[in-house]
Amino acid sequence: MTPFVYPSGYSVFAGVDEVGRGPLVGDVVTAAVILDPKQAIAGLNDSKKLSEKKRLVLAEEIKQHAIAWAIGRATPQEIDKLNILHATMLAMSRAVAALSVTPEFALIDGNREPQLSIPCQAVIKGDGLVAEISAASIIAKVARDQEMVELDARYPDYQFAKHKGYPTALHLEMLEKHGAIAEHRRSFKPVQRVLGEL
């Protein structure tokens, strides 16, 4: 794989990634991370390629050693109003704005760039290519998974801790059986079907 070449003329980069575009429930969660070049973190990778145990260890390491990190989100109501793509872009811009240090340049996972007050560049498969984006993917994934565990405690019938809100056979079965909760995304087809809106 070709190593990623950072845009020249900048020294403080934030990596930005999202988790939770596909689920039927909960916020879309994004993270922005500025790593400290003097404190390399071994084992960074796309969060989907790491075990849960490894993600938890790395998330703590990132939080301890990064120059800055922040989380942004968009609610199910915002997702329903804007659509998932625009809500994701909004959540990404919120994560960057929440950083305690302003980066000079943002590297965004994927093929779209949110509207930011600083220059940015979309990097396809960036979560496996750019350390800052890998770090952001880990922070966002750990945060969203934790929220699904908390939602599971409030609504045990839906077994959110198992499927994390994704449209698995189990989730669709529980949705059919118990109906939608306030945290479900009403613009997503399986939820619309249960609500009788399709």
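A quick note: this is a predicted structure, and the numbers were derived from the prediction, not measured. (Residues numbered from 1 in each chain as written. Predicted model: local features only at pLDDT ≥ 70, side-chain atom pairs only at ≥ 80, totals over all residues. Heavy atoms only, no water.)

1. Some remarks on the packing of aromatic side chains
Per the stated rule, a full pass over the model turns up seven aromatic pairs. With centroids separated by 6.3 Å and ring planes inclined at 85 degrees, the aromatic side chains of Y155 and Y158 adopt a geometry described as edge-to-face. Its relative accessible area of 6% is what places Y158 among the buried residues. An aromatic cluster of three or more residues is present, and its members are F4, Y6, Y10, F13 and F105. (Phe/Tyr/Trp six-rings, centres within 6.5 Å; stacked < 30°, edge-to-face > 60°. Buried < 20%, exposed > 50% of the residue type's maximum accessible area, 1.4 Å probe, protein only.)

2. Let's talk about the packing of helix α1 (residues 52–65) against helix α4 (residues 131–154)
For the pair α1 and α4, the least separation of the axes is 9 Å and the interaxial angle reads 115 degrees. Crossing angle aside, the handedness with which α1 passes α4 is left-handed. From α1, R55, L56, L58, A59, I62 and K63 reach across to α4, where they touch A135, I138, I139, K141, V142 and D145. Each residue belonging to the contact of α1 with α4 can be placed in one class, and the counts come to eight nonpolar, no polar and four charged. (Axes fitted to C-alpha atoms, helices over the stretch in contact; angles between N-to-C directions. Helix = DSSP H or I, 4+ residues; strand = E, 2+ residues; numbered from the N terminus. Left-handed = near helix turned anticlockwise from the far one by under 90°. Contact = heavy atoms within 4.5 Å. Nonpolar A, V, L, I, M, F, W, Y, C, P; charged D, E, K, R; others polar.)

3. Some points on the pattern of salt bridges
Summed over the entire model, instances satisfying the criterion amount to eight salt bridges. When the shortest N-O distance is used, the salt bridge between D145 and R55 registers 3.6 Å. With D145 in helix α4 and R55 in helix α1, the pair connects residues that are 90 residues apart, well separated along the chain. According to the relative accessible area criterion, D145 is buried, its value standing at 8%. E78 serves as the salt-bridge partner of R94, at 2.8 Å between the closest nitrogen and oxygen. Pair noted here: R94 is in helix α3 (residues 84–97) and E78 is in helix α2 (residues 76–82), with a separation of 16 residues, a long-range link. Note on R94: relative accessible area 32%, which makes it partly exposed. A single network of salt bridges, built from pairs that share partners, joins D27, R73 and E147. (Salt bridge = Lys/Arg side-chain N within 4 Å of Asp/Glu carboxyl O.)

4. Observations concerning helix α6 (residues 169–178)
H171, M174 and L175 are the residues of α6 that are buried. Relative to the axis of α6, the buried residues are bounded by an arc of 105 degrees and lie together on one face. Of the exposed residues in α6, those oriented more than 90 degrees away from the buried face are A169, E176 and K177. Buried residues along α6 sit against α5 (160–163) and α7 (189–194). Just past α6, the residue G179 takes up positive phi, approximately 80 degrees. (Arc of directions from axis to C-beta.)

5. Let's talk about the sheet that holds strand β4 (residues 105–109)
A sheet is described by the order of its strands in space; here five strands give the open sequence β3-β2-β1-β4-β5, paired in mixed fashion. In the strand order of this sheet, the two ends are held by β3 (68–74) and β5 (120–123), each with one partner. If you compare each strand with its neighbour and ignore which way they point, the axes differ by 20 degrees on average. Pairing between strand β1 (residues 13–19) and strand β2 (residues 28–34): five bridges, direction antiparallel. If you follow G15 over to β2, its bridge partner there is V33. Along the sheet face, α3 touches β1, β2, β3 and β4 and points at about 35 degrees away from the line of β2. (Pairing = 2+ DSSP bridges.)

6. Digging into unusual backbone geometry
One non-glycine residue with positive phi stands out, namely Q159, at about 55 degrees. Non-glycine residue K164 carries a positive phi angle of around 55 degrees. Within the fold, K164 resides in the loop between α5 and α6.

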